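# Summary of the model geometry
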Amino acid sequence: MKLKNFFGHLHTVNKHRWYVFKLSVRAGIPVRGLLHDLSKYSPTEFWEGVKYFDGKVSPIKICKRENGYSKAWLHHKGRNKHHFEYWLDLTTTDKTPIMPYKYAVEMVCDTLAASMVYNGKSWNPTIAREYFEKRTDKEYINPYIQDFLLQVYRQVESDGLKKTVNKKNLKNLYDKCVLQKNYK
Ligand SMILES: [Zn+2]
C-alpha cells in the first residue's frame, strides 16, 4: 500500500463529500448531504479505491478496466439510493423505477460535485450537461428522471448554479418532469 495513494484517495472522498454537502444544503436535502457516500469508508470500497487511486480517473473505472468488475462499485450501488443502478430491477414492470425526489436531487448534487472535483479549475457550467448527454447508459435511467436531470443541467448552463440548485426550483422541475407526467 502506498501512503500517497491512501491519503490521495481519502482526500478525494472527503473533498467530494464536502462539495456534495454544500450543494445538498442549497438543494434543501442537508441530511442526504451528510450521509452521502458514507459506504466509501467501508473496507470493501475504501481499499479498492486506494489500490487503484489515480487522482484524475475514478479508481472504480480503472478497476473495472483491469478486472472486468469492481467489488467496490457493486458494494456501493447496492447501498446508495442516489444511484439509478440501485433502483434498476429487470424483474419489475418498469425495469427502471422512478427515483424518489430526495434521491434524484442527491444524484444531481453528486454528479455536479463529481464534475467539479474531477475538473478543478477548468470546471464550467456546461460540463455536467455535456457529461450527461455523452452517457451511454441512459437507457437504464427512468425516462422521467432522465428528463429531470437534463432540465437541471441545462438550467445550470443557462442560469447558473444558484438559480438552479435550490429547493423551490428543484421541486418545480421534479413536479413538471416526473410527478405530473406520472399521474396523468
Ligand atoms: Zn455515490
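Residues numbered from 1 in each chain as written. Predicted model: local features only at pLDDT ≥ 70, side-chain atom pairs only at ≥ 80, totals over all residues.

## Thoughts on helix α7 (residues 101-119)
An α-helix turns once every 3.6 residues. As a result, residues three or four positions apart point the same way. Given a rise of 1.5 Å per residue, 19 residues ought to cover 27 Å, and the 27 Å separating the end C-alpha atoms of α7 matches this to within 8%. Buried residues of α7: Tyr103, Ala104, Val105, Glu106, Met107, Val108, Cys109, Asp110, Thr111, Leu112, Ala113 and Ser115, and no others. For α7, the secondary structure elements touched by its buried residues are α1 (3-27), α2 (30-35), α8 (127-134), α9 (143-159) and α11 (167-182). Taken from the residues just after α7, glycine 120 is the one with a positive phi, measuring 50 degrees. (Helix = DSSP H or I, 4+ residues; strand = E, 2+ residues; numbered from the N terminus. Expected span 1.5 Å × (residues − 1). Buried ≥ 20, exposed ≤ 12 C-beta atoms within 10 Å, placed from the backbone. Contact = placed C-beta atoms within 7 Å.)

## Concerning the nonpolar core
Counting residues in hydrophobic clusters, the biggest one holds 31 residues, and the most contacted among them are Leu23, Ala104, Val108, Cys109, Ile145 and Phe148. Mapped onto this core, the elements with two or more residues apiece are α1, α6 (84-87), α7, α9 and α11. It is α7 that contributes the most residues to this core, eight residues altogether. Excluding residues that lie within four positions of it along the chain, phenylalanine 148 makes contacts with Ala104, Leu173, Tyr174, Cys177 and Val178. (Core = buried A, V, L, I, M, F, W, Y, C linked by C-beta atoms within 7 Å.)

## Remarks on the confidence of the model for the protein
Model confidence for the protein is summarised by a mean pLDDT of 94, while 99% of its residues fall at 70 or above. Averaged over each element, pLDDT in the protein is lowest for α11 (93) and highest for helix α5 (residues 71-77) (98). (pLDDT = per-residue confidence, 0-100.)

## Observations concerning the environment of phenylalanine 46
Structurally, the position occupied by phenylalanine 46 is in helix α3 (residues 43-51). A count of 17 C-beta atoms within 10 Å places phenylalanine 46 in the partly exposed class. In this structure the C-alpha to C-alpha distance between phenylalanine 46 and histidine 9, which are 37 residues apart in sequence, comes to 8.1 Å. Ignoring sequence-local partners within four residues, the contact set of phenylalanine 46 consists of Lys40 and Tyr41.

## Considerations on α1
Taking 1.5 Å per residue as the helical rise, α1 with its 25 residues ought to reach 36 Å, and the 36 Å between its terminal C-alpha atoms agrees with that figure. Taken together, the buried positions of α1 are occupied by His9, Arg17, Tyr19, Val20, Leu23, Ser24 and Ala27. Among the residues trailing α1, glycine 28 stands out with phi positive, at a value near 85 degrees.

## Section: the packing of α1 against α7
The contact between α1 and α7 brings their axes to 8 Å, and the two run at 135 degrees. Looking at the two axes, α1 sits oblique to α7. As α1 runs across α7, the sense of the crossing is right-handed. Contacts between α1 and α7 involve Thr12, Lys15, His16, Tyr19, Val20, Leu23, Ser24 and Ala27 on the former and, on the latter, Val105, Glu106, Cys109, Asp110, Leu112, Ala113, Ala114, Met116 and Val117. A class-by-class count of the residues in the contact of α1 with α7 yields 11 nonpolar, three polar and three charged. (Axes fitted to C-alpha atoms, helices over the stretch in contact; angles between N-to-C directions. Parallel < 35°, antiparallel > 145°, perpendicular 65-115°, else oblique. Left-handed = near helix turned anticlockwise from the far one by under 90°. Nonpolar A, V, L, I, M, F, W, Y, C, P; charged D, E, K, R; others polar.)

## A closer look at unusual backbone geometry
Its identity as a non-glycine residue notwithstanding, aspartate 37 has a phi of 60 degrees, on the positive side. Tracing the chain through its elements places aspartate 37 in the loop between α2 and α3. By the C-beta count within 10 Å, which is 18 here, aspartate 37 ends up partly exposed. At lysine 95, a residue that is not glycine, the phi angle is positive and equals roughly 65 degrees.

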